[in-house]
Amino acid sequence: MTREEFIEDLRNRVRESFAMELETATPNELFVAIGQIVRACYAKSWHNTRQRYLVNKQRQSYYFSIEFLPGRMLKSNLMSLGLLDMVRSTVEELGFEFEEVLNVENDMALGNGGLGRLASCFLDCLASRELPGNGNGIRYDYGLFKQQFVDGYQVELPDAWLKSGNVWEVRRESEAVEVRFGGNVYMQPTKDGKLKPVAENERILRAIPYDTGVVGYHNDTVNTLRLWSVEVPESEEGKYRSIEERRMVEDLTAVLYPDDSNEQGRLTRLSQEYFFVSAGIQSIVRYYKKLKMPISRINEYVAIHINDTHPALCIPEMMRILLDEFDLSWEKSWGLTVSMMSYTNHTIMQEALEKWPLQMVKYHLPRMFQIIEEIDRRFVTNLTGLYPDDLIQRTRIIQGDQIHMANLCIIGSHSTNGVAKLHSDLLKSVVLHDFYVLYPERFNNKTNGITQRRWLQQANEPLANLIDKTIGTSWRKEPTDMERLMNYCEDNEVLVAFEQAKQQNKLALAKYIEKTTNIKVQPNAIFDVQIKRLHAYKRQLLNLMHILKCYFDLKDNPEMDFVPRVWIFGAKAAPSYTYAKAIIKAINEVANLINHDPIINDRMKVVFLENYNVSLAERIIPAADVSEQISLATKEASGTSNMKLMSNGAITVATMDGANVEIRAAVGDENIYTFGLTEEEVYRYYEQGNYSAQAIYDQDPVIQRVLNAFVDGTIPNIQREGQEIFDSLLRYNDEFFLLKDFVPYCQVQAKLSQDYLNREKWQKMSLINTAKSGIFSADYTVQRYADDIWQIAPVDLHKEKRN
Ligand code: C3B
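All residue numbers refer to position in the chain's written sequence, counted from 1. Given that the model is predicted, a residue must reach a pLDDT of at least 70 before its local features are reported, and side-chain atom pairs must reach 80 or more before they are shown or counted; all residues, however, enter totals for whole chains, interfaces and linings. As a convention, hydrogens and water are excluded, and side-chain values are obtained from all of the structure's heavy atoms.

The subject of this paragraph is the UniProt feature "modified residue: N6-(pyridoxal phosphate)lysine" (unreviewed entry) in the protein chain. UniProt positions are given in the numbering used here, feature names are shortened, and annotations may be inferred rather than shown by experiment. Residues annotated in UniProt with the feature "modified residue: N6-(pyridoxal phosphate)lysine" (unreviewed entry) correspond here to K644. Examined against the element boundaries, K644 turns out to sit in helix α23 (residues 641–647). The exposure class of K644 is buried, given its relative accessible area of 7%. Other than its neighbours up to four places away in sequence, K644 contacts R117, I450, W455 and I621. Every helix listed is a DSSP run of H or I at least four residues long, and every strand listed is a run of E at least two residues long, numbered separately from the N terminus. Burial classes: relative accessible area under 20% of the type maximum marks a residue as buried, over 50% as exposed, and values in between as partly exposed (1.4 Å probe, protein chains only). Only heavy atoms matter for contacts: two residues are in contact if any of them lie within 4.5 Å across the pair.

Have a look at this one:
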C-alpha cells in the first residue's frame, strides 16, 4: 500500500463510517478507520491461510485457554504487516499524534496475568513461524477489572472493553454450535443391543464464535483466535420468560474471573469451562468432517492443548463425541483422545489445582460426569495389581466427593509439561511424582518464552533501532542473533548509546508517572521495577520491607551516600484476596510517606501505577534498570516478566526460582543479583518444620523496626492492614519465608546500588542481559511444542507455488 492509497482509503472510511471529513476527525475515528484498513490488508492472507490448511489437510493445533491477554493490536498488526513506519509518518503529517491514536484502543484484557499473556505470545509466535496453530477461548463482555486507587485502596471498576466495538473480530454466525447443560441422561438399549445415552430436559445454549486474525510477522500467515460468546437459541426463547432469566444465561460469558489462583467454586466458572470446551471441540470435529477422512484418523490431523486445568473437560467432551456421535468403542475413542490431548501445568500452588465437587458436575454436566466416572473406573481397574493401592488412590480422578482436574489431564493426555526446568523437575520429583512413576514418558519441560516483537521491537523502539545499527536486523526474525551484541561489551561508544536509549525510555516513563500520579521522579535514579499480580508468594512485601529499611537508614543518617532510586510497582489483587489488598494499601501509604518527606529529598520515590496491564507493561519495561523477581524458591512456576525485563536490559534481582535459574545460566553469575533460600533449603524447612519467624525477628533489630512500622503508627492509615501484615509474618509464621530472605536481599540491593555508580560496568551488564535474552523468545518455545508435543509444521509455501 502506498502512502497515497492509504490516505485515500482513510479519507473514504472516515467519510463512510462517521460522515466526517478527515480534517475534522479525532483520534477515535482515526483509530477505527485505520483498524478497518489494517483488517482489510490481511483479510486475503487470512482467508488464504485457512484455505491452505484445508486444502493441504494440514495437521493443526488448538490451544484451549480460559484466558488470552493480547493487549492492543493496532501497532502490532501494523508492524507485522510492515506498515508501521508509513502509517505513523502519514498520520503525523496529517497533523495527528500517532500515540494518541494508538491509545484509543482498549486493551483486550481477557486474562489475569502470566498464563493469559503466555497464551497470546504463543499465538503470535505460531503465526510468525507459519505454524498452523489456533487459539480457543471465551469472549468475555468484561475483561479483567480496571484498577483505581482511592485513598490508597484498590477499587475495581468494570472493563467494558467492547463498548465502542471491536474492529478486529469477525462474528461467524454460520459456525455457531449448541452446548447442552443439565437435564437427565440415562442409557437406553438400541436395536443392536448396545446402550446409548439419551438426554432429557437439557438446557441448550448457543455458542457464537468471534474470530480474530493473528497476523504473522512479515509473512502471509494469519491464524485464528476463536472466542465464544453465549446466546439463547431461538428454539429456547420460550423457556426464558423474564428478562432476568435471560440475563442469567447471557451472564455465562459476561465476566472473566479475576482470580488466577483460588478456585472460587462457582458454578458459573464450571459452566464457562464446559461452554468454551464443548463449543471448541465441536467446531474442531465439524471442521474435520470437511476433510472427508474417517473419524478413526482424527488424531493425525488434530492436536489439542489444555492450558492449565481449566479446559480439562476437553478430554471427556472429545470422548462424548467419539462415543455418542460416532459410535466408536470406548477403547478406540480413548486411544484417539489421549493421542490428541496435551496438558501444561502452570503452578504447584495447591489452591490453584482445580477440584470440582462431584455433585455439581453430576447435576450440571451429567454426561461429562458419567464419562469421567468411567475413565476413573478403568484407570483404577487397569492399574490394580500392577501398582500399590495407595498410589492408585492418590492418582485417581475421583477422590471422596471431588473431581481432580489435574489428574484427569495427566491420565487423559500423552504429554504433561512444566514451564521452566526447575518447575518441571519439581513436578516429576514432588508434586506429580506419583504420576511420573506411572507415566515417565509423558513428562517434559517447555520453558516459557516471550515474543520479542511486542516486548522489544514494538515497546522499545530506541533500543531496537540501536540493535539494528549495531548488529543488523536479523535478530528480528532470529532472536538468538542478539548474541552478537556480546562483541560490543567493551565498546564504549556502543555502551554509551545503549545508556542513552535507556535514558530516553526513562524520561518517557517519568513523564507518564508525573502525568498520572503527580509524582516527579529523577530519570537518573535507579528505576527498580516489580510488575506482576499481587500474591503473597511473589513477595512484593519483601520489596516493601527493603524500601522501609532504606528509608530508616536515610532518616537516621540524612547525610549518608545514597544512590537515588525510584521503586515502581504495578499489580492487581484479586478482589476477594484481602491480604493482597492490604499489601497494596501498605505500599501506597509508604509511598505517600516517603515521597513527601523533606529529609528524603527526592532520593527515594515509590510509585504504584494504577491498572497494570499489557499496555502499561509496554511503557514500564523499556525504562527499567532493575527487575525484581523475588518469589520464594519453588513457588513461581516460571515467570515471564523476568524475560521481558531482561530483554530490555534490566538487571534481575532474583531468587533461584522458576526461569530465573535459566536466566542466571544464560547471563552468568556476575550479571544477575541472586539471593535467598534455595529449593532444597525450602523443602528442608517443610520437612523439618523448624522455621521460626519469631526467632529471626527476636534476633534482628532492623527486622524489628521494619515490622513494627506496620503496627506502631510509623506508616500512617494502615491500622487494620498493618496488623494483618504483621500477623502474617509473626503470628502465622511467615508462610513465604520473607524474614529469612530479608538480610541477603538487602545485601544484594546494597551491592547493586554501588555497581550502578560504575556506569561502564552497569551498562555492560545491561548489554549482556539483552544479548543473552534471545533464547527466551517464545518463537523457540512454540517450535519445541510444535516438534515434541503437537507435531505440527508449516506448510511448504514454495511447494504450493510450484504445483
Ligand atoms: C502463571 C505462573 O504463576 C507463572 O509463573 C508462569 O510464568 C505463567 O503462569 C505462565 O506459565 N500462572 C498464572 O498466571 N495463572 C495461573 N492460574 C497459574 C499460573
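Here a patch means residues that are over 30% exposed by relative accessible area and free of salt bridges, tied together within 9 Å if like-charged and within 5 Å if nonpolar (Val, Leu, Ile, Met, Phe, Trp, Tyr). Throughout, the Shrake-Rupley method with a 1.4 Å probe supplies accessible areas, and for residues the shown protein chains are the sole cover considered. Should a side-chain nitrogen of Lys or Arg be within 4 Å of a carboxyl oxygen of Asp or Glu, the pair is scored as a salt bridge. Positive charge is attributed to Lys and Arg, negative charge to Asp and Glu, and no charge count is given to His or to the chain ends. Note that the charge is assigned to NZ on lysines, CZ on arginines, CG on aspartates and CD on glutamates. A surface patch of negative charge is lined by E92, E97, E99 and E100. The residue E99 is located in helix α5 (residues 98–104) in this model. By relative accessible area, E99 is classed as partly exposed at 42%.

Turning next to the domain arrangement of the protein chain. It is common to report an interface's size as the accessible area lost on association of the parts. Its domain assignment divides the protein chain into domain 1 (1–55 + 76–94), domain 2 (56–72 + 107–448 + 785–802) and domain 3 (461–776). With 41 residues of domain 2 at the interface, the matching set in domain 3 holds 45 residues. A 1.4 Å probe defines the accessible area here, and the buried area is the portion of it lost by two parts on being joined, summed over both. Between domain 2 and domain 3, a total of about 3,400 Å² is buried, with carbon and sulfur atoms accounting for 55% of that surface. Of all residues in domain 2, Q147, F149 and L422 give up the largest surface area on contact with domain 3, accounting jointly for 18% of the area buried on that side. Residue K581 pairs with E156 through a salt bridge whose shortest N-O separation is 2.8 Å. Polar contacts here mean pairs of N or O atoms no more than 3.5 Å apart (in protein, one a potential hydrogen donor and the other a potential acceptor; neighbouring residues in sequence count only if both atoms are side-chain atoms). Remark: the boundary between domain 2 and domain 3 carries 17 residue pairs in polar contact (both at pLDDT 80 or more). Sorting the residues of the side of domain 2 that touches domain 3 by element identifies β2 (68–71), α6 (114–128), β5 (143–150), β6 (153–159) and α15 (421–431) as the ones contributing at least two each. Residue ranges for the domains trace back to a domain assignment, done automatically or taken from a database.

Take the nonpolar core next. Counting residues in hydrophobic clusters, the biggest one holds 146 residues, and the most contacted among them are I34 and I281. Ranked by the residues each element gives to this core, the list is headed by helix α8 (residues 267–290), at 11 residues. Here this core gathers at least three residues from each of two domains, domain 1 (1–55 + 76–94) and domain 2 (56–72 + 107–448 + 785–802). If we ignore the near neighbours within four places in the chain, the residues touching I34 are F6, L10, L74, V87, V91 and V101. Nonpolar cores were defined as sets of buried Ala, Val, Leu, Ile, Met, Phe, Trp, Tyr and Cys residues, with membership established by side-chain atoms within 4.5 Å. Core analysis: the next-biggest nonpolar cluster, separate from the first, contains 77 residues, F562, V606, I703 and L752 among them.

On a regular strand, each side chain points to the face opposite its neighbour's, so the side chains alternate between the two faces of the sheet. Here, strands pair whenever DSSP counts at least two bridges between them. Pairing analysis gives six bridges linking strand β9 (residues 184–189) to strand β10 (residues 195–200), with the strands arranged antiparallel. Considered in β10, the bridge of N184 is made with E200. The loop that links β9 with its antiparallel partner β10 comprises five residues; one of these, G193, has a positive phi angle of about 85°.

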